[in-house]
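Structural overview for review
Now for the letters of each chain:
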Amino acid sequence: KSYSDAFKLLEYRYAIPEKTVITVEDLESIKDVRFYYPLEKERDLISFVVQGNSQKAKSLLNELLDENLKKRFLNKDDSRQFVFAIVSTINRISNLIDNEPEIIFKDTNLVTTLMLSENNQLLAEHINQYFEQLVDHINQNKEQIEKVKKDEMLDFIHNNYSIDLS
């Protein structure tokens, strides 16, 4: 229990800037009103998406969405900050794979679409759709690259190993 409390406290170390020491009691006062999106979770999400690992990406994304949209009571500003954090993650992934969001997504105005979501359920659906589109795009590119490499290898083999060396 002590270890898990200490770990949770580290995740919230910047949430109460006026204090140098944070206690578990301080955590209770902010737990349900601030959005939850630690850097470790973002890093893992980016990694899963870039690898094209749809299962792990979706699982982690759903964990974050459940925590922020169902378990917490985010005020308007924190909800907006959560949306900006998600869009920033999407932009980071787009930069990592050297593609502009306009190329990947059918809807090019991510922030507006997410901000205008009528409720948390629609917001979660939109976020899930964006991440599914990202993973699909990455997996399609991987398949194309693998096909090109396979064709190049076969051409090389046919061109260089059909000669009788005896």
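As a reminder, the structure under discussion sits directly above these lines.
Notes on the structure in this doc start here. (Residues numbered from 1 in each chain as written. Predicted model: local features only at pLDDT ≥ 70, side-chain atom pairs only at ≥ 80, totals over all residues. Heavy atoms only, no water.)

**What to know about the overall build of the protein**
Helix and strand counts for the protein stand at 8 helices and 0 strands. In the protein, buried positions account for 36% of the 166 residues. (Helix = DSSP H or I, 4+ residues; strand = E, 2+ residues; numbered from the N terminus. Buried < 20%, exposed > 50% of the residue type's maximum accessible area, 1.4 Å probe, protein only.)

**Here we look at the environment of proline 101**
Secondary-structure assignment places proline 101 in helix 6 (residues 101–104). Sequence spacing of proline 101 and leucine 134 is 33 residues, and the spatial spacing of their C-alpha atoms is 9.1 Å. Among residues more than four places away in sequence, those in contact with proline 101 are Asn91 and Ser94. (Contact = heavy atoms within 4.5 Å.)

**With respect to helix 4 (residues 54–71)**
Spanning 18 residues, helix 4 covers 24 Å between terminal C-alpha atoms, matching the ideal 26 Å at 1.5 Å per step. Restricting attention to buried positions, one finds in helix 4 the residues Ala57, Leu60, Leu61, Leu64, Leu65, Glu67, Asn68 and Leu69. (Expected span 1.5 Å × (residues − 1).)

**Observations concerning the packing of aromatic side chains**
Within the structure shown, the criterion is met by 2 aromatic pairs. Consider the rings of phenylalanine 35 and phenylalanine 82, whose centres lie 6.1 Å apart with planes at 55°: the pair is tilted. Here the residue phenylalanine 35 occupies a position in the loop between helix 2 (24–30) and helix 3 (39–51), and phenylalanine 82 occupies one in helix 5 (residues 76–96), the gap between them amounting to 47 residues. Phenylalanine 35 sits in the partly exposed class, given a relative accessible area of 23%. Geometrically, the ring pair formed by tyrosine 37 and phenylalanine 82 is edge-to-face, given 6.1 Å between the ring centres and 85° between the ring planes. (Phe/Tyr/Trp six-rings, centres within 6.5 Å; stacked < 30°, edge-to-face > 60°.)

**Section: helix 3**
Helix length check: helix 3 (13 residues) gives 18 Å between terminal C-alpha atoms against 18 Å at 1.5 Å per residue, within 8%. Where helix 3 is concerned, the buried positions are Glu42, Leu45, Ile46, Phe48 and Val49. Viewed along the axis of helix 3, the buried residues span an arc of 165°, placing them on a single side of the element. The exposed residues of helix 3 that point more than 90 degrees off its buried face are Leu39 and Arg43. Where helix 3 terminates, the next one or two residues include glycine 52, which has phi positive at roughly 80°. (Arc of directions from axis to C-beta.)

**Focus on the nonpolar core**
Ranked by internal contacts, the top residues of the largest apolar core, which has 32 residues, are Leu45, Val49, Ile86, Ile90, Ile127, Phe131 and Leu134. Secondary-structure elements contributing two or more residues to this core are helix 3, helix 4, helix 5, helix 7 (110–115) and helix 8 (120–160). At 8 residues, the largest contribution of residues to this core is made by helix 8. Those residues in contact with valine 49, other than ones at most four positions away along the chain, are Ala57, Ile93, Phe131, Leu134, Val135 and Ile138. (Core = buried A, V, L, I, M, F, W, Y, C linked by side-chain atoms within 4.5 Å.)

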